[in-house]
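# Structural features, examined
Given next are the chains, with one letter for each unit.
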Amino acid sequence: MKKKCIFAFDISYTHLDGRWRMPGSWVGRPIRTRHLRGDRPHLERGCIDMLFFGDGTGIPDTWGGSRDEAVRWGIGWPRHDMSPVIT
Amino acid sequence: MSRVTSKIGFGLTYASTFMHPFYVARLFNSLDHVTNGRIAFNVIASSRPADAANYGFDELMEHGLRYDRMEEFIDVCRALWDSAAPDAFSWDRESGLVADRRRCSDQPCRKVLQVRGPLNCMPSPSLIRS
């Protein structure tokens, strides 16, 4: 059988902390999946076969044993269930 | 369906007897965002032993207990949906400040369903409108 290589684009939250501050981020805009339409041709033309999303729900308390700073600065929080968004 | 419609709502069913309220509350919050507030939750207790067998139980939880759990399940979901105030978030690009910690609350202790919270999601459109 011919071997096939699958390219997955990893958009897990762990790679995205702090990205909301970058120019062009969607901060303050509601989530609308129709906004994603424009990105679809880019992904498929770029030979991406799969979008991958790692996930977790707990707010980190690694800083000073408290979750306060994580909530304040958006570290590992907020995190939506992305299943309905990426599918 | 939500991508090709703008008004119709979507009612989805989950059994409080077998699901965990944190998972369900988070999923419904996210679905509500994606659909711009068009999600409804039909919470059921399940009445068939065959349902219980799918979740690894030999018999279905007794009727009264199922409905006690459902009440608590709904309480927990509601509290989680309310756990972050809509105006708690600042998303300030300059300072990097995201949220006011004092307005993102943990959950009270309950009998069966212990959930610490807060829900790790932005308040959803239905909540903001209500």
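Since the structure is predicted, the reported quantities are computational estimates derived from the model, not experimental observations.

### Thoughts on the packing of helix H1 (residues 21-34) of chain B against helix H3 (residues 63-81) of chain B
Residues and elements named next belong to chain B. One can describe the packing of H1 onto H3 by two numbers: an axis separation of 9 Å at closest approach and a directional angle of 50°. Judged by the angle between their axes, H1 and H3 are oblique. H1 and H3 meet at a crossing whose hand is right-handed. Side by side, H1 and H3 meet where Pro21, Phe22, Val24, Ala25, Phe28 and Asn29 of the first sit next to Phe73, Val76, Cys77, Leu80 and Trp81 of the second. Of the residues assigned to the contact of H1 with H3, the class counts are 10 nonpolar, one polar and no charged.

### A word on the pattern of salt bridges
Considering all chains together, one arrives at seven salt bridges over all chains under this definition. One salt bridge connects B:Arg102 with B:Asp100, and the closest N-O pair in it is separated by 3.3 Å. In this structure, the salt-bridge partner of B:Asp106 is B:Arg101, at a minimum N-O distance of 3.7 Å. For B:Arg101, a relative accessible area of 14% puts it in the buried group. Three or more residues joined by partner-sharing salt bridges are found here, namely A:Arg67, A:Asp68, B:Arg101 and B:Asp106.

### Looking at the interface of chain A and chain B
Counting from both sides, the interface comprises 30 residues of chain A and, opposite them, 34 residues of chain B. Interface of chain A and chain B: buried area, both sides summed, is about 2,900 Å²; carbon and sulfur atoms make up 54% of it. It is A:Trp20, A:Arg67 and A:Trp77 in chain A that bury the most area against chain B; as a group they hold 21% of the surface buried on that side. B:Arg26 is the partner of A:Asp55 in a salt bridge, and the nearest nitrogen-oxygen pair spans 2.8 Å. Where chain A packs against chain B, one counts 18 residue pairs in polar contact (both at pLDDT 80 or more). Mapped by element, the contributors of at least two residues to the side of chain A that touches chain B are helix H2 (68-73) and helix H3 (83-86) of chain A.

### Examining unusual backbone geometry
The omega torsion of the bond from A:Trp77 to A:Pro78 falls at -15°, within 30 degrees of zero and hence cis. For the bond running from B:Gly117 to B:Pro118, omega is -5°, close enough to zero to count as cis. Looking at the element boundaries, B:Pro118 is found in the loop between H3 and helix H4 (125-129). Positive phi, close to 60°, is recorded for A:Cys47, a residue that is not glycine. Locating A:Cys47 in the fold gives a position in the loop between helix H1 (40-45) and strand E2 (50-52). Look at B:Ser46: it is not a glycine, yet its phi comes out positive at around 70°. Along the chain, B:Ser46 turns up in the loop between strand E2 (39-44) and helix H2 (49-54). Taking the relative accessible area as the measure of exposure, B:Ser46 reaches 11% and is therefore buried.

What counts, and at which threshold
Position numbers for residues start from 1 in each chain and track the written sequence from start to end. Here the convention is simple: chains get letters from A, ligands get numbers from 1, in the order in which they are written. A pLDDT threshold of at least 70 governs which residues receive local features in this predicted model, and a stricter bar of 80 or more applies before side-chain atom pairs are shown or counted, although totals over entire chains, interfaces and linings include all residues. Working from all heavy atoms in the structure, the side-chain values ignore hydrogens and water. Each axis is a line fitted through C-alpha atoms, taken for helices only over the stretch in contact, and angles between the N-to-C directions span 0 to 180 degrees. Where helices and strands are cited, they refer to DSSP runs of H or I of at least four residues and of E of at least two residues respectively, numbered from the N terminus. Oblique is the label for every angle not falling under 35 degrees (roughly parallel), over 145 degrees (roughly antiparallel), or within 65 to 115 degrees (roughly perpendicular). Each crossing gets its hand from how the near helix is turned against the far one by less than a right angle, where anticlockwise is left-handed and clockwise is right-handed. When checking whether two residues touch, look at their non-hydrogen atoms; a contact exists if any pair is within 4.5 Å. The residue classification treats Ala, Val, Leu, Ile, Met, Phe, Trp, Tyr, Cys and Pro as nonpolar and Asp, Glu, Lys and Arg as charged. All others, Gly included, are polar. Salt bridge criterion: a side-chain nitrogen from Lys or Arg within 4 Å of a carboxyl oxygen from Asp or Glu. The buried label goes to any residue with under 20% of its type's maximum accessible area, the exposed label to any with over 50%, and the partly exposed label to all in between, with areas taken from a 1.4 Å probe on protein chains only. Buried area: the accessible surface (1.4 Å probe) lost by two parts on joining, summed over both. Throughout this description, a polar contact denotes any pair of N or O atoms lying within 3.5 Å of each other; where both atoms belong to protein, one of them has to be capable of donating a hydrogen while the other can accept it, and for residues adjacent in sequence the pair is counted only when both atoms sit in side chains.

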